[in-house]
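The primary structure of each chain is shown beneath.
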Amino acid sequence: MTRRQITLPQHVAALLSWLNTANPPTEHEIAMRIMKIGEEFGEVVAAYIGVTGQNPRKGVSATRAELTGELCDVIIAAMAALATVAGDVKQAEHLLNEHLSARHPRLSALVRAGAA
């Protein structure tokens, strides 16, 4: 059985529907959704330490798949926070695309300069 391909906006829209029902987006809830990004980042750090075996007491205690999953959770949490602050997923997508478009020319110039 193959899983249906879900996009980030689809997932975040479903997530926000569930979250908004359970916890309406008050100022406190908005702050909590922003702080969730930090919590997920901490899980990325823990997974990286586990992948590298940096903690001698635990040794290698995480897989690269766990690490990449935690990185995906950071992206989901950030997009959920952005959509909450922006008003909805469509507006969050628009803001993200605008942000990328504004920064891409500088990145392109840096890539060209590095290749020269």
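About the thresholds
Residues numbered from 1 in each chain as written. Predicted model: local features only at pLDDT ≥ 70, side-chain atom pairs only at ≥ 80, totals over all residues. Heavy atoms only, no water. Helix = DSSP H or I, 4+ residues; strand = E, 2+ residues; numbered from the N terminus. Rg over C-alpha atoms; globule rule 2.2 N^0.38 Å. Buried < 20%, exposed > 50% of the residue type's maximum accessible area, 1.4 Å probe, protein only. Contact = heavy atoms within 4.5 Å. Areas by Shrake-Rupley, 256 points an atom, 1.4 Å probe, with all protein chains shown as cover. Lys, Arg positive; Asp, Glu negative; His and termini not counted. Charge placed at Lys NZ, Arg CZ, Asp CG, Glu CD. Salt bridge = Lys/Arg side-chain N within 4 Å of Asp/Glu carboxyl O. Core = buried A, V, L, I, M, F, W, Y, C linked by side-chain atoms within 4.5 Å. Axes fitted to C-alpha atoms, helices over the stretch in contact; angles between N-to-C directions. Parallel < 35°, antiparallel > 145°, perpendicular 65-115°, else oblique. Nonpolar A, V, L, I, M, F, W, Y, C, P; charged D, E, K, R; others polar.

Q: Go over the overall build of the protein chain, please, and point to the residues and values.
A: Regarding its fold elements, the protein chain presents 4 helices and 0 strands. Reading the secondary structure of the protein chain in the N-to-C direction produces α-α-α-α. A globule of 116 residues ought to have a C-alpha radius of gyration of about 13 Å, yet the protein chain, at 18 Å, is considerably larger. Along the three orthogonal principal directions, the C-alpha set of the protein chain runs to about 50 × 45 × 40 Å. In the protein chain, buried positions account for 19% of the 116 residues. When contacts within the protein chain are restricted to residue pairs at least 6 apart in sequence, long-range pairs at least 24 apart make up 55% of them. Accessible surface computed for the protein chain: about 8500 Å², of which carbon and sulfur atoms make up 62%. The positive charge centre, built from 11 side chains, and the negative charge centre, built from 11, are 8 Å apart in the protein chain.

Q: Summarise the pattern of salt bridges; cite the residues concerned and give the values.
A: Counted under the stated rule, the structure contains 3 salt bridges. Residues Arg33 and Glu29 are paired through a salt bridge, measuring 3.0 Å at the closest nitrogen-oxygen approach. Taken together, the residues span about one helical turn, with Arg33 and Glu29 both in helix α2 (residues 27-52) at a distance of 4 residues. When its relative accessible area of 6% is taken as the criterion, Arg33 is described as buried. When salt bridges that share partners are traced, they join Lys36, Glu39 and Glu40 into one network.

Q: Let's hear about the nonpolar core: which residues, and what values?
A: Ranked by size, the top nonpolar core spans 8 residues in total: Val12, Leu16, Leu19, Met79, Ala80, Ala83, Val89 and Ala92. Each residue touching Ala83, except ones within four places of it in the same chain, is listed here: Val12, Leu16, Asp88, Val89 and Ala92.

Q: Outline the packing of helix α3 (residues 64-86) against helix α4 (residues 89-115), supporting the account with residue identities and numerical values.
A: Two measures define how a pair of helices packs: the angle their axes make with one another and the distance between the axes. Running from N to C, α3 and α4 cross one another at 110 degrees; their axes reach a closest spacing of 8 Å. What the angle tells us is that α3 and α4 run roughly perpendicular. Residues Met79, Leu82, Ala83 and Ala86 of α3 form the contact with α4, whose participating residues are Val89, Gln91, Ala92, Glu93, Leu95 and Leu96. Residues that form the contact of α3 with α4 fall into these classes: 8 nonpolar, 1 polar and 1 charged.

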